[in-house]
Amino acid sequence: MSSDYAKQLGAKLRAIRTQQGLSLHGVEEKSQGRWKAVVVGSYERGDRAVTVQRLAELADFYGVPVQELLPGGSPRGAAEPPPKLVLDLERLSQVPPEKAGPLQRYAATIQSQRGDYNGKVLSIRQDDLRTLAVIYDQSPSVLTEQLISWGVLDADARRAVPQDES
């Protein structure tokens, strides 16, 4: 494993651990000693190679897919970043509640969590769109088209949603 790749992998491991609010010692405690703090720390620094088996076990411990731990396939900055997914809340309020009710409730929850009540627009993540697609029982790309037709999302949002997510 190249040193650069090991460091990128380590950065992903550290990001997942810290997102879960765990210290290295916390990982050792939570795993009941299965994952030693010194070993996980050395993986995170890129000082120690991790086998595929151990990486899969660590992903399972963190409760994330292995792909989330792997560095991205394309170099950063090589591709244009996907556009942000921005909901037009003013247009959303004009969509009949029988159509937009779940989206309105979801947006209100996000606004509440963020303390963001500007009332005009709301940025959402691709994960939010995937969650909404499950709620609406549609693929993310089909839901994106529906939201564009309602005027709630800009047509540029199509670029943010992989078309193979059907």
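Not measured: the values here are computed from a predicted model.

Reading the values: rules and limits
Residues numbered from 1 in each chain as written. Predicted model: local features only at pLDDT ≥ 70, side-chain atom pairs only at ≥ 80, totals over all residues. Heavy atoms only, no water. Helix = DSSP H or I, 4+ residues; strand = E, 2+ residues; numbered from the N terminus. Buried < 20%, exposed > 50% of the residue type's maximum accessible area, 1.4 Å probe, protein only. Contact = heavy atoms within 4.5 Å. Phe/Tyr/Trp six-rings, centres within 6.5 Å; stacked < 30°, edge-to-face > 60°. Lys NZ or Arg CZ within 6 Å of the ring centre and 35° of its normal. Axes fitted to C-alpha atoms, helices over the stretch in contact; angles between N-to-C directions. Parallel < 35°, antiparallel > 145°, perpendicular 65-115°, else oblique. Nonpolar A, V, L, I, M, F, W, Y, C, P; charged D, E, K, R; others polar. Arc of directions from axis to C-beta. Pairing = 2+ DSSP bridges. Salt bridge = Lys/Arg side-chain N within 4 Å of Asp/Glu carboxyl O. pLDDT = per-residue confidence, 0-100. Core = buried A, V, L, I, M, F, W, Y, C linked by side-chain atoms within 4.5 Å.

Thoughts on the overall build of the protein chain
Looking only at helices and strands, the protein chain features 8 helices and 2 strands. For the protein chain, the succession of helices and strands along the chain, N to C, is α-α-α-α-β-α-α-β-α-α. Each of the 166 residues in the protein chain was classed as buried or not, and the buried ones make up 37%. Within the protein chain, residue pairs in contact and separated by at least 24 positions form 55% of the contacts whose partners lie at least 6 positions apart.

Section: the packing of aromatic side chains
Here the structure, examined in full by the defined rule, presents 2 aromatic pairs. Ring geometry for tyrosine 136 against tryptophan 150: centres 6.4 Å apart, planes inclined by 65°, an arrangement best described as edge-to-face. Taken as a pair, tyrosine 136 in the loop between helix H7 (126-135) and helix H8 (140-150) and tryptophan 150 in helix H8 lie far apart in primary sequence, 14 residues in all. Grouping residues by exposure puts tyrosine 136 and tryptophan 150 together as buried. Positioned above the aromatic ring of phenylalanine 61, the side-chain terminus of lysine 30 is 5.5 Å from the ring centre. Cation over ring: arginine 34 sits above tryptophan 35, and NZ or CZ is 5.1 Å from the ring centre.

A short note on the packing of H7 against H8
Each pair of packed helices can be summarised by the angle the axes make with each other and by the distance between the axes. Closest axis-to-axis distance for the H7/H8 pair is 9 Å, and the angle between their directions is 90°. Accordingly, the angle class assigned to the pair H7 and H8 is roughly perpendicular. Only Pro140, Leu143, Thr144 and Leu147 of H8 make contact with H7, whose side of the interface consists of Leu129, Arg130, Leu132 and Ala133. In the contact of H7 with H8, the residues fall into 6 nonpolar, 1 polar and 1 charged.

Focus on H7
Taken residue by residue, H7 has Asp128, Leu129, Leu132 and Ala133 as its buried positions. Axial view of H7: buried residues confined to an arc of 145°, hence all on one face. The secondary structure elements touched by the buried residues of H7 are strand E1 (85-88), helix H6 (97-114), strand E2 (121-124) and H8. After H7 finishes, the residue aspartate 137 shows a positive phi value of roughly 55°.

Focus: the pairing of E2
Of the two faces of E2, only the one carrying Leu122 and Ile124 is buried; Val121 and Ser123 on the other face are not. Relative to E2, E1 is paired through 4 bridges, and the arrangement is antiparallel. Opposite valine 86, over in E2, you have serine 123 as the bridge partner.

Comments concerning the pattern of salt bridges
Within the structure shown, the criterion is met by 8 salt bridges. Residues arginine 14 and glutamate 44 are paired through a salt bridge, measuring 3.4 Å at the closest nitrogen-oxygen approach. Of the two residues, arginine 14 is situated in helix H1 (residues 3-19) and glutamate 44 in helix H3 (residues 37-45); the sequence distance between them amounts to 30 residues. Given a relative accessible area of 2%, glutamate 44 falls into the buried group. Across the pair glutamate 57 and arginine 54 runs a salt bridge, and its minimum N-O distance is 3.6 Å. Taken together, the residues span about one helical turn, with glutamate 57 and arginine 54 both in helix H4 (residues 52-62) at a distance of 3 residues.

Topic: the confidence of the model for the protein chain
Mean pLDDT over the protein chain stands at 86; residues scoring 70 or higher make up 90%. Counting interchain partners and residues more than four positions distant, the pLDDT-below-50 stretch residues 73-79 has 0 contacts.

A few points about the nonpolar core
One recurring pattern in soluble globular proteins is that nonpolar side chains are buried together. In this structure, Leu87, Leu103 and Trp150 are the most contacted members of the largest nonpolar core, which totals 25 residues. Taken together, the elements giving at least two residues each to this core come down to E1, helix H5 (89-92), H6, E2, H7 and H8. No other element matches H6, which puts 5 residues into this core. In contact with tryptophan 150, other than residues within four places in its own chain, are Arg91, Val95, Lys99, Ala100, Leu103 and Tyr136. Core analysis: the next-biggest nonpolar cluster, separate from the first, contains 17 residues, Leu9, Ile16, Tyr43 and Leu69 among them.

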